[in-house]
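Survey of secondary and tertiary structure
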Amino acid sequence: MWPFQLNVSSAGRTTPPERKVLFVIICDKYCMVTVHPAELHLTFVSNNQVYRVTGSGVSTFEQISGEQLVQWMKDHYDNITSFTELENPHHIHFRVGEDASSPENCIVQPGFNARRYLQAEFLVPEVKGCTRPSAKKGKEAHILRVQQGPAETSSQPVEVKVTVVCPEAKPLQDLEILLILQSQANVTWNIDTQRTVSIMASGKYRITTFFSELLDERVLPDSEQGLIGLAHQTGFDDIASYTDIPSATHVTLELHRCEPEVKTPPPTAAQHLKTVNIVQTVFNLLPPWKCTDDSIEIVVPKMNLKDLNDYITDITLQDPRCRAEQNQTHFVLKRYLGDCHTKLESGILARNKLILTLASSLEKVEVPFECSLPLELRLQLYRTQDFKWPSTTLLEVNKATYIQVSFRADIPQTFLEVKECSLQIAAEEPQQLLIQPVVPLGQAETILERTEATLGRELHHFSFIYSPAGGGPFPPCATLSCRVAWHSNGSTSVETLEVTLQDTRPPPSSLGIEAVVGITFAAFLIGTLLTAALWCIYSHTRPMAKLQPVSTNAPASESSSPNHSIGSTQSTPCSTSSMA
């Protein structure tokens, strides 16, 4: 016997406090008990451990059963209201208060109807089944034989629920089910199912899902072989289950049937080559790559991929860590030119590969690409001295800003010389010179050591600190420009960069510390003087108090004369009278 759960509830009637409710539980392992409502004061006696009992006493005794147990309870508790013996219950619902009286003698008898106060759920321990070699797949019969008690004479409803489930995958859809329900003629079957089920039942039945009317009864064989033969005659050679069930009000038939797993065969060499050609053609017709002076940018509109026979789930470069981010419309990737296994040829050509993952087979498709690097003079602004990528266009006021002048050329030994750099503030004239040939113009400018060529570029670095004249306000934008000279042909050129000025200074205070201290001292002095003046005025103008004798009059007597009460006040016994 496995652990079971006992749920005790009230029938809605008030149990007299002098009436004690005792449960004697015999279980092989342990049982779990819940009481609702908690006001029910119950006592439990068990041969084993009882869990989750709230507000109830628990005691144990040695295991006995049958008539011996009945006699033991009579000896210890005088009488018995009900005695129930269940085999392998899963869940028991018991309602106390249905019957306030007790029978004089408790006689144990089989087939006793306890539905009024007790319901039990069982897991059927044994289900039979047989399949003929000629059985068709996806076509099965289920036979339920319910043996109701002989004492039942009126119509007995039995709820039957049929479900098809698959916890791991999708439930099987193409399943033909025959349901044979056999019991006494007075049983009414209420069938709850979301599937199309062929039904053969003794007694009347209805399908509750469609609110159908009761369908007429029919006579079914009253034997196992007869019911199996009936299924075979109907064309169902697979008897998936045959179950004998004792008296029941609810039956659940849960069928675990899953859609077969469809395994896609790996693509052949010819199919793989065809897929690769299609993908490469689409990407070469609409190349999504672009090379800048120091980065590679990939922008793939998803609408450009609609002509493919498959869906792309992932895009990376040769280095799988360089993965594109995607939204509803695009795949987007931007990486530093020196990362992601990008190769540079002659300093002007970048090579890499796009690695595309197809959704259907998770197959990887490579799309090699190359792009030319711009042969131009570039001016870039950085926040730190290590010139860490990426660059920025934000110039912070009163903080060091680092400038990089770079040039890439396809002609070897093409050197440049930075002649001068300046900052043009929109509201200021003339330009503010920062450096002249190899010489800074002030302490705020520094020419850094020349850096070796990086990514095939010639680099020049310097830094400066911009402070607005007089510490006053400044416009939001400025233009940084550098003029360079080419050693190859002696010509000069100018490169500019539009920057945004950002103030890093703390907001100016409207009053200095000296002003705050002065105002505080002045307020204190004025308050002191004002207090002294008020005291002087008060001391010279207050009237002198004159002491006068006060005559003591005898208490006024009670009188109805109006003249006597004029100018006087009456009082309670706890106060005195006084003259006005």
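Our subject is the structure listed above.
Let me begin by describing the structure that accompanies this report. Quantities reported herein were computed from a predicted structural model and do not represent experimental measurements.

Quick look at the state of the cysteines now. Counted under the stated rule, the structure contains 4 disulfides. A sulfur-sulfur separation of 1.9 Å characterises the disulfide bridge that pairs Cys166 with Cys258. For the disulfide bridge between Cys166 and Cys258, the dihedral angle about the S-S bond is near 105°, and by the sign convention the bridge is right-handed. On the criterion of sequence distance, the pair formed by Cys166 in the loop between strand 11 (156–165) and strand 12 (176–182) and Cys258 in the loop between strand 17 (250–256) and helix 3 (269–285) is long-range, its members being 92 residues apart. Taking the relative accessible area as the measure of exposure, Cys166 reaches 8% and is therefore buried. Covalent S-S linkage joins Cys291 and Cys371, the inter-sulfur distance amounting to 1.5 Å. Here Cys291 is found in strand 18 (residues 289–291), whereas its partner Cys371 is found in strand 25 (residues 364–372), with 80 residues between them in sequence. Cys291 sits in the buried class, given a relative accessible area of 10%. Taken N- to C-terminal, the disulfide-bonded cysteines of the chain are connected 1-2, 3-6, 4-5, 7-8.

This part covers the packing of aromatic side chains. Tallied over the entire structure, the rule returns 3 aromatic pairs. Above the face of the Phe236 ring, Lys139 is positioned so that its terminal group lies 4.9 Å from the ring centre. Stacked on the ring of Phe331, the Lys or Arg Lys302 has its end atom at 5.1 Å from the ring centre.

With that out of the way, let us pick up the sheet that holds strand 12. Taking strand neighbours across the sheet as the criterion, the 5 strands line up as 9-16-10-12-14 in an open arrangement whose pairing is mixed. Lying at the two open borders of the sheet, with one neighbouring strand each, are strand 9 (128–131) and strand 14 (197–201). With strand direction ignored, the average angle separating the axes of adjacent strands in the sheet is 15°.

This part covers unusual backbone geometry. Even without being a glycine, Cys340 presents a positive backbone phi close to 65°. Here Cys340 lies in the loop between strand 22 (330–336) and strand 23 (343–345). Even without being a glycine, Asn398 presents a positive backbone phi close to 65°. Within the secondary structure layout, Asn398 lies in the loop between strand 27 (394–397) and strand 28 (400–407).

Attention shifts here to the sheet that holds strand 22. Spatial ordering of the open sheet is given by 18-19-22-21, a layout of 4 strands whose pairing is antiparallel. With one partner strand each, in any of the chains shown, strand 18 and strand 21 (325–326) form the two edges of the open sheet. The pairing of strand 19 (residues 295–301) with strand 22 spans 7 bridges and is antiparallel. Paired with Ser295 across the strands is Tyr336, a residue of strand 22.

The subject of this paragraph is helix 3. In this model helix 3 runs 24 Å from its N-terminal to its C-terminal C-alpha over 17 residues, within 8% of the 24 Å that 1.5 Å per residue would give. Listed as buried for helix 3 are Val276, Val279, Val282 and Phe283. Within helix 3, the buried residues cover an arc of 135° as seen down the axis, which keeps them to one side. Facing away from the buried side of helix 3, by more than 90 degrees, are the exposed residues Ala270, Lys274 and Leu285.

Rules of the game
- Residues numbered from 1 in each chain as written.
- Predicted model: local features only at pLDDT ≥ 70, side-chain atom pairs only at ≥ 80, totals over all residues.
- Heavy atoms only, no water.
- Disulfide = S-S within 2.5 Å.
- Helix = DSSP H or I, 4+ residues; strand = E, 2+ residues; numbered from the N terminus.
- Buried < 20%, exposed > 50% of the residue type's maximum accessible area, 1.4 Å probe, protein only.
- Phe/Tyr/Trp six-rings, centres within 6.5 Å; stacked < 30°, edge-to-face > 60°.
- Lys NZ or Arg CZ within 6 Å of the ring centre and 35° of its normal.
- Pairing = 2+ DSSP bridges.
- Axes fitted to C-alpha atoms, helices over the stretch in contact; angles between N-to-C directions.
- Expected span 1.5 Å × (residues − 1).
- Arc of directions from axis to C-beta.

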